[in-house]
Structures are given as structure tokens and as C-alpha cells.
Amino acid sequence: MKVIVNDERCKQCGICAVNCPKKAISFSDVINMKGYQPAVVDDALCIGCGICYTMCPDWVFEITGE
Amino acid sequence: MAVAKKIPSILSKQISFCPGCGHGVVVRLIAECIEEMKQEKNSIINVGVGCYSLMTPSVEIDRFDSLHGRGAAISTGFKRANPDTLVISYQGDGDAYSIGIGESVSAAYRNENITVITVNNTNYGMTGGQMSATTMPGQKTTTSPLGRNCQTTGMPMKFPEMIASSFPEVAYVARGSVTKPAYVNKLKGYIKNAFEAQMNGEGYSLIEVLSPCPTNWGMSPVESHERVNGEIEAYYPLGEFKLREEK
């Protein structure tokens, strides 16, 4: 796993999905405690570049560095 | 090879900003810079009045909610009492440029050794999106329902340019944005420069950040980023207006 998603923090703003260079981010069908559908990272497409970490205003993503 | 990136440990709880708000990125960059400079136990963040007052429970360093607009004046007091402490005044455009313009300019005029970070979202976000000094020409807000008329209200204020041209002795002045990955990385460099200038005793440093306000602009977060990258960035150019001098 290249990216840890703290899905309880996600507010589904979509900024990560727009900026992801590999379009690896989509939104889950499961609703979190805030009532949003949190981001999900497709591990097969993800290259661990960290742009989601850089752009996320809610500190959802952490890059493991693997 | 992916580089590991961890949320700074001083950001414990989540902040309750609207989805897509730019404040979260700025707060994280400040926390990253504080952590990299190992100043967690030696810094005060002085927060003005605005949406960003919500960040005080989440940032686990010394912090203070100052009077509306008086962030620069209160930071002056902190800095003079504790000259070795990293003092950050975090304000918004309404706080720093409208109600507190006197204090903001005076701190730069005295070349006070503090860092002022102002987040410009072109309206008064907390109170419901009224017109501020930085509202763009023609922008509709709750107090300018037909769009801002610059014939009667003047053109939007460019505070960093004003400080850099009026007070050439200040240490560092820059404007950044949070709407593209490259801009965020640059903004982190600006914030780090400002903190280093302060810790070296070089004097006043100011960073303005262009930030989207999707809720009050009536846009989706992605549309609001596009607006910042287009219309707003064209009027408020990004970059450094006063570079640090080698001492």
C-alpha cells in the first residue's frame, strides 16, 4: 500500500481526484461519519507521487514511501 | 521511489473547514515548516478572527486568538517579550487589510521581527461572504449583489506590493497560492524563508496566500480552484516582492 487514506477526515471536495496525475482516486460508496463518500486510491494505478498529500486541505492522505 | 510524507504530529485533530477550503493546506505547510525547523516548543501562532479561528483546537503548539485585526500588534508584544520565539500572525484579508490595516501597516513600518501570513479569499468568509477590500471587480457578494462596482468602491487592495514598495527595509514579502501542486510546494518555500528570516532577526516578513472560498463563491471546490488560477491570479501576481538580503 502506497497511500494511507484517513477516510473519516475526507470531505469529498474532489481536489485530489482532479490533481492526481494517474487518475487513481475515486470516491467510495460507503458514507463516513460526516456524511461524505471518502476518497479511495487504486493501488494498481498509484505511483506514490504525493500530490494528493500536497493538495488535500483535510490531511486525509499519508504516503508510506514503499 | 516514493518519498514518505506524514501529516505533522502537531496537527492532531481535524479542522472543521468547508470542503475545498484553502486554509487546511496553509495550516499544514506552517506545521511542516515548524516541525522541520524543530520549533514545536518555541513558537506561537497568533490567530485573528475569521474561519481560520477554527484551527486553534487542531494545532498543538502555543496559540492565541487575538482581537479582530490586531494580530500584528499582539504579535509585536509576544516578540518583544520573547525575542527568541517564532511568532506567526495568521490572518485573513478582512482581518488584516480591512479592520486591522493600521496595525498591519504599522508592524511593517516598524520592521517588527514577526511573520504575518494573510489568507486572501476575496471576501469575508466567516460572516457569510460580504464584500471586502480584496473583492474582485464585478464579483457578486452578499453586500454587492450586482457585482463590485470599482467606480465607487475602488480597486482591490494589493497589500504585499504596498509593503514591499513602501517599506524597503522589511525582510521578505511574497504571494503564493494553494491551487496547484507546484504552487503549494513554492508556498512552502516562501513560508520557510519567512520563518528563517525571523529566526535570523532580519525583520518583518509577510506572505499572502490566494485561497478559494467555494461556499461563499457558490462554486464547487474544483471550480473555485479554477477561478483562483484564472481571474484572481491575473490580478494578484504570484511571486516574491522583496527577497531576503544576505547578512
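**Quick word on the overall build of chain B**
So, point 1. The number of helices and strands found in chain B is nine helices and seven strands.
So, point 2. For 247 residues, the compact-globule estimate of 2.2 N^0.38 gives 18 Å, and the C-alpha radius of gyration of chain B, at 17 Å, lies within 12% of that figure.
So, point 3. Here chain B, with 247 residues, has 52% of them falling under the buried criterion.
So, point 4. Intrachain contacts of chain B at a sequence separation of at least 6 include 66% that bridge at least 24 residues.

**Here we look at the pairing of strand E5 (residues 172-177) of chain B**
All names here are of chain B.
So, point 1. Burial runs high along E5: six of the six residues are buried.
So, point 2. Neither face of E5 is exposed, since Tyr172, Ala174 and Gly176 on one face and Val173, Arg175 and Ser177 on the opposite face are all buried.
So, point 3. Bridge count between E5 and strand E6 (residues 205-210): six bridges; the pairing is parallel. Bridge pairing in E6 links Ser177 to Leu210.
So, point 4. Between the parallel pair E5 and E6, the chain is carried across by helix H7 (residues 181-199), and the sense of this crossover is right-handed.
So, point 5. When E5 meets strand E7 (residues 239-242), the two strands line up antiparallel, connected through three bridges. Within E7, the position partnered with Val173 by the bridge is Lys242.

**With respect to the interface of chain B and chain A**
So, point 1. Taken together, the 22 residues of chain B in the interface contact 23 residues of chain A.
So, point 2. Contributing elements (two or more residues each) for the side of chain B that touches chain A: helix H1 (23-36), H7 and helix H9 (221-235) of chain B.
So, point 3. The class makeup of the residues in the side of chain B that touches chain A is 13 nonpolar, six polar and three charged.

**Observations regarding the sheet that holds strand E1 (residues 43-47) of chain B**
Residues and elements named next belong to chain B.
So, point 1. Strand order in the open sheet formed by seven strands is E2-E1-E3-E4-E6-E5-E7, with mixed pairing between adjacent strands. Because the sheet does not close on itself, it has two edges, and the strands there are strand E2 (62-65) and E7. Strand-to-strand twist of the sheet, defined as the mean angle between neighbouring strand axes without regard to direction, takes the value 20°.
So, point 2. Note that strand E3 (residues 86-92) and strand E4 (residues 115-120) share five bridges and pair parallel. Note that in E4 the partner of Ile88 across the bridge is Thr115.
So, point 3. Across the sheet, helix H2 (residues 71-81) touches E1, E2, E3 and E4, and the angle it forms with E3 is around 175°.

**Focus: the packing of H2 of chain B against helix H4 (residues 101-109) of chain B**
Residue and element names in this part refer to chain B.
So, point 1. Between H2 and H4, whose axes approach to 7 Å, the crossing angle comes to 45°. Comparing the axis directions of H2 and H4 gives the class oblique. Within the contact between the two elements, H2 uses Ala72, Ala73 and Thr76 and H4 uses Glu103, Ser104 and Ala107.
So, point 2. Residues belonging to the contact of H2 with H4 are distributed by class as follows: three nonpolar, two polar and one charged.

**Structural notes on the environment of Ala194 of chain B**
Residues and elements named next belong to chain B.
So, point 1. Mapped onto the elements of the fold, Ala194 is located in helix H7.
So, point 2. For Ala194, a count of 26 C-beta atoms within 10 Å gives the class buried.
So, point 3. Counting along the chain gives twelve residues from Ala194 to Leu206, while the straight-line C-alpha distance between them is 7.3 Å.
So, point 4. If sequence neighbours within four positions are ignored, Ala194 has contacts with Thr115, Tyr172, Ser205 and Ile207.

Reading guide: rules and limits
Residues numbered from 1 in each chain as written. Chains lettered and ligands numbered in written order. Predicted model: local features only at pLDDT ≥ 70, side-chain atom pairs only at ≥ 80, totals over all residues. Helix = DSSP H or I, 4+ residues; strand = E, 2+ residues; numbered from the N terminus. Rg over C-alpha atoms; globule rule 2.2 N^0.38 Å. Buried ≥ 20, exposed ≤ 12 C-beta atoms within 10 Å, placed from the backbone. Contact = placed C-beta atoms within 7 Å. Pairing = 2+ DSSP bridges. Right-handed = clockwise from strand over helix to strand, strands pointing away. Nonpolar A, V, L, I, M, F, W, Y, C, P; charged D, E, K, R; others polar. Axes fitted to C-alpha atoms, helices over the stretch in contact; angles between N-to-C directions. Parallel < 35°, antiparallel > 145°, perpendicular 65-115°, else oblique.

By themselves, these figures tell us nothing about what the structure is for.
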